[in-house]
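Close look at the chain arrangement
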Amino acid sequence: MIENLVEITSDQLLAETSKSKYESYRFVTSTCIDNGDDTIDVYYHFDKDYEMRNVKITVKKGEEIPSISRIFFSAILVENEMKELFGLNITDIAVDYGGHMLLSDEELSSPMLRQQITIEQRGGKQV
Amino acid sequence: MGIISKSRKKSPWIMHYDCTSCNGCDIETLACLTPMYDAERLGIVNVGNPKHADILLVTGSANKRNSQVLKNIYNQMPDPKCVVAIGACACTGGIFRECYNVLGGIENVIPVDVYVPGCCAKPEAIIDGIVQAIGKLDEKAELMKNESK
Amino acid sequence: MSSTVIPFGPQHPVLPEPLHIKLVMEDERIVEAIPAIGYVHRGLEKLTETKEFTQNTFVVERVCGICSVMHAMAYCQGMEELMNIAIPDRAKFLRVIWAELHRMHSHLLWLGLLADAFGFESLFMQAWRNREKVMDIMEETCGSRVVISANIIGGTRRDLSKEQMVKINQIVDEIKEDLEQLESVFLNNYTVKHRLVGRGVLTKEDAVEYCTVGPMARASGISMDLRTTGYSAYGQLDFEPIIHSDGDNYARTYVRLHEIYQSVDLVKQAIAKIPEGEHVIPVKGVPPKGDVISRVEQPRGEVLYFMRGNGTKTLDRLRLRTPTFANIPSLLKMLPGSELSDVGMLILTIDPCISCTER
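Going by what an unreviewed UniProt entry lists, chain C is known as Ni,Fe-hydrogenase III large subunit and is assigned to Ruminiclostridium sufflavum DSM 19573.

You'll find chain B entered in an unreviewed UniProt entry as Ech hydrogenase subunit C, with Ruminiclostridium sufflavum DSM 19573 given as the organism. Heading Sequence similarities (unreviewed entry) of the UniProt record for chain B holds this comment: "Belongs to the complex I 20 kDa subunit family." Under the UniProt heading Cofactor (unreviewed entry), the note attached to chain B is "[4Fe-4S] cluster".

Below you can see the structure in the form of structure tokens.
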């Protein structure tokens, strides 16, 4: 269903991103999906003249992923977001908020992960 | 009626703070001030500084980060003061009640005097809420007077 | 020279929404800008995983009230693609009509806020007075002013009658006439130009480098408008993206102002070409396993929806990337070097929608 999908491993990511940049693709965004088991899918979406190119990597929780923000600066927000909400271990982001971009400092880690804590346990919390 | 209580009643100054609103209630609050609804005919003036404001309009529910800001703004306002919670989110948390970063309605953070329901709240309802808050403001002023005696 | 740090926001008269930027200043000039967001973060993406896929239409509308129609449109289009549903032609045209009306209200709102930011209050009032006409159409056709819930999966929730279309035609003409009067003030007035021309320049190279989208990109000379890909009924309508090459505040004002004319034209075209027939078809079954991407042009630029179905009523993942999220890096590029007095204007000219950004 997704056009131009390329599946790679995380150590090929920087080369693939550089290639996209060289071919004058525009970085659209990244998507992070918890597969429910031990792995996380990360998609990187690129666009050129309304044609999309999608790069997919599958990583284990806690595995290091290189940051693409040195190639596409506009990836800083989404990488910080993924780091915070999914607990992805993205290294060397150009502007690193240290996992506290959206949530407050005392927040528990990574609310978007499936097997960590459910919404019922946290949603109706009163101050 | 003294000059202060008269001016408070005839020209309440409002301040608007957006907590986690979806913008819907925000733009309706702003729309109240523009020619179609023209809240200024009731003397209602929008100000940007909490130290000038009598009534605080809050849209959207509280989350962990903005509850500090909300408390700060509330504490900076001079007494007597009123808080109007605008929209379903500000009243109860609305559709976002179950979200992980939402603490529920703003009543969990600061005391609320008037609740305006709706998603999004209509400008008519918002103006009605402000007018009710003016009444509350008067009551509070009376109370303060009696206490100081 | 020693530098000073000035906090901008979260509560600021120029911004209707809370955005906090730490400005590192040297004298009156900004040397660095560090944004701190999170004041509007709710966790909407997680919420959509617990709701049924039909309910999600109404959840995503509340990502942002200003562009709610386009959010629902992008979501519904994606789900229709995933579930292999062909919606009636009439529904496509109805979606375009409501979407373009929404674009008009959003741009008029922005013009008003811009005027307010440089202290031209009567212009602000005039722009918003004009906008109320659009809001009246929304209320009359959908029953609500801002979050109108026009789209559902399989078509639209309501139909437009012939009389309503005639009336919409008249009202958009009136909006156009009113806007023509405002246009000369926005684009030709000496004081207004003084605040707009040459301020906050984003060159075409920078716009490409920072992956800018929407009117921001078009004001920097990039011809990028997803509507030209012809989703929904846009393929059957005739229009050209509006482009300006200067990349400053003035160019962005020009692009947005002329897009209102374009929307007026598109609404009229859609009303003229709309076919008879059903406006909604019933949807059976649940979304199958699979991923889908749906993209739509919002008033602020490109929005991307990514959905993963798992064969049940709920979705495994719904991810959305909103235009302001893509435009904040360009703002960080524009701010250093500008003066403190221009900061409010600069932030406003990217048309920030913080509730979109943080969800």
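1. Topic: the interface of chain C and chain B
Each side of the interface is counted separately: chain C has 41 residues, and chain B has 38 residues. Between chain C and chain B lies a buried interface of about 3,200 Å² when both sides are counted; carbon and sulfur atoms form 63% of it. Summed over the shared surface of chain C and chain B, the number is two salt bridges. Linking Glu 139 of chain C and Lys 122 of chain B is a salt bridge whose minimum nitrogen-to-oxygen distance equals 2.5 Å. The tally of links between chain C and chain B comes to eleven residue pairs in polar contact (both at pLDDT 80 or more). Ranked by the residues each element gives to the side of chain C that touches chain B, the list is headed by helix H5 (residues 121-142) of chain C, at eight residues.

2. Examining the sheet that holds strand S8 (residues 315-321) of chain C
All names here are of chain C. An order of S6-S7-S8 is seen for the three strands of this open sheet, with the pairing classed as antiparallel. Two strands in the sheet have a free side with no partner beyond their single neighbour: strand S6 (290-298) and S8. Neighbour-to-neighbour, the strand axes of this sheet turn through a mean angle of 15°, independent of strand direction. Pairing of strand S7 (residues 301-309) with S8, which is carried by six bridges, proceeds in the antiparallel orientation. Across the sheet, residue Met 307 finds its bridge partner in S8, namely Leu 318.

3. With respect to a negative patch on the surface
Where like charges cluster on the molecular surface, the negative patch consists of Glu 3, Asp 49 and Glu 51 of chain A together with Glu 81 of chain C. With respect to the helices and strands, Glu 3 of chain A occurs in the segment before strand S1 (5-8). Of the residues examined, Glu 3 of chain A reaches a relative accessible area of 38% and is grouped as partly exposed.

4. Thoughts on the confidence of the model for chain C
All names here are of chain C. The predicted model of chain C averages 86 in pLDDT, with 100% of residues at 70 or higher. No element of chain C has a lower mean pLDDT than helix H13 (residues 354-358), at 82, and none a higher one than helix H10 (residues 249-273), at 90. Both confidence scores are given for the complex: pTM 0.88, ipTM 0.84.

5. A look at the UniProt feature "domain: NADH-quinone oxidoreductase subunit D" (unreviewed entry) in chain C
All names here are of chain C. Sites flagged by UniProt as "domain: NADH-quinone oxidoreductase subunit D" (unreviewed entry) map to residues 119-280 and 287-359. With 57% helix and 2% strand, residues 119-280 has end C-alpha atoms that lie 46 Å from one another. Taken end to end, residues 287-359 is 33% helix and 34% strand, and its first and last C-alpha atoms sit 24 Å apart.

6. As for the UniProt feature "binding site: Fe cation" (unreviewed entry) in chain C
Residues and elements named next belong to chain C. Sequence positions flagged by UniProt for "binding site: Fe cation" (unreviewed entry) are, in local numbering, Cys 67 and Cys 356. Separation in sequence by 290 residues is not matched in space for these annotated residues, since their most distant C-alpha atoms are only 9.2 Å apart. Counting through the fold element by element, Cys 67 comes out in the loop between helix H2 (56-61) and helix H3 (68-83). Those residues in contact with Cys 67, other than ones at most four positions away along the chain, are His 102, Gln 298, Pro 299, Arg 300 and Cys 356. Taking relative accessible area as the criterion, Cys 356 reaches 1% and is therefore assigned buried. Ignoring any residue separated from it by four or fewer positions in sequence, one finds Cys 356 in contact with Val 63, Cys 64, Cys 67, His 71 and Thr 322.

7. What to know about the pattern of salt bridges
Counted under the stated rule, the structure contains 38 salt bridges over all chains. Across the pair Arg 319 of chain C and Glu 81 of chain A runs a salt bridge whose closest N-O atoms are separated by 3.3 Å. Taken together, the residues span two chains, with Arg 319 of chain C in strand S8 and Glu 81 of chain A in helix H2 (residues 76-85). Exposure class is identical for Arg 319 of chain C and Glu 81 of chain A. Each is buried. Measuring nitrogen to oxygen at the nearest pair gives 3.4 Å for the salt bridge that ties Arg 29 of chain C to Glu 339 of chain C. Here Glu 339 of chain C lies in the loop between helix H11 (323-334) and helix H12 (343-349) and Arg 29 of chain C lies in strand S3 (residues 29-36), a separation of 310 residues in the sequence. Judged by relative accessible area, Arg 29 of chain C falls into the partly exposed class, the value being 43%. What you see here is one network of salt bridges that share partners, running through Glu 100, Arg 103, Arg 218, Asp 225, Arg 227, Glu 259 and Glu 297 of chain C.

8. Description of the environment of Asp 178 of chain C
Residues and elements named next belong to chain C. Tracing the chain through its elements places Asp 178 in helix H6 (residues 162-188). The exposure class of Asp 178 is buried, given its relative accessible area of 18%. Distance in space between the C-alpha atoms of Asp 178 and Pro 336 is 37 Å, their sequence separation being 158 residues. When sequence neighbours within four positions are dropped, the list of residues in contact with Asp 178 reads Asn 130 and Lys 133.

9. Topic: the sheet that holds strand S2 (residues 20-26) of chain C
Strand-to-strand pairing in sheets goes through backbone hydrogen bonds, with the strands running parallel or antiparallel. Residues and elements named next belong to chain C. Spatial ordering of the open sheet is given by S1-S2-S3, a layout of three strands whose pairing is antiparallel. Of all strands in the sheet, those with a lone pairing partner are strand S1 (4-8) and S3, marking the two edges. Here the strands of the sheet are splayed against their neighbours by 25° on average, with no regard to which way each runs. Bridge count between S1 and S2: five bridges; the pairing is antiparallel. Looking at S2, one finds that Phe 8 is bridged to Ile 21.

10. Overview of H5 of chain C
If you check H5 of chain C, its first and last C-alpha atoms are 31 Å apart, about what 22 residues at 1.5 Å a residue would give, namely 32 Å. The positive-phi residue at the C-terminal boundary of H5 of chain C is Gly 143 of chain C, with phi of around 90°.

11. Topic: the pairing of S6 of chain C
Residue and element names in this part refer to chain C. The buried fraction of S6 amounts to eight of the nine residues, a majority that puts the element mostly inside the structure. Across nine bridges, S6 lies against S7 in antiparallel orientation. By the bridge assignment, Val 292 is partnered in S7 with Met 307. Here S6 folds back onto S7 in antiparallel fashion, the turn holding two residues.

Reading guide: rules and limits
Residues numbered from 1 in each chain as written. Chains lettered and ligands numbered in written order. Predicted model: local features only at pLDDT ≥ 70, side-chain atom pairs only at ≥ 80, totals over all residues. Heavy atoms only, no water. UniProt positions renumbered as here; feature names shortened; annotations may be inferred. Contact = heavy atoms within 4.5 Å. Buried area = accessible area lost by both parts, 1.4 Å probe. Salt bridge = Lys/Arg side-chain N within 4 Å of Asp/Glu carboxyl O. Polar contact = N/O pair within 3.5 Å; in protein donor to acceptor, adjacent residues only side chain to side chain. Helix = DSSP H or I, 4+ residues; strand = E, 2+ residues; numbered from the N terminus. Pairing = 2+ DSSP bridges. Axes fitted to C-alpha atoms, helices over the stretch in contact; angles between N-to-C directions. Patch = residues over 30% accessible without salt bridge, like charges linked within 9 Å, V, L, I, M, F, W, Y side chains within 5 Å. Areas by Shrake-Rupley, 256 points an atom, 1.4 Å probe, with all protein chains shown as cover. Lys, Arg positive; Asp, Glu negative; His and termini not counted. Charge placed at Lys NZ, Arg CZ, Asp CG, Glu CD. Buried < 20%, exposed > 50% of the residue type's maximum accessible area, 1.4 Å probe, protein only. pLDDT = per-residue confidence, 0-100. Expected span 1.5 Å × (residues − 1).

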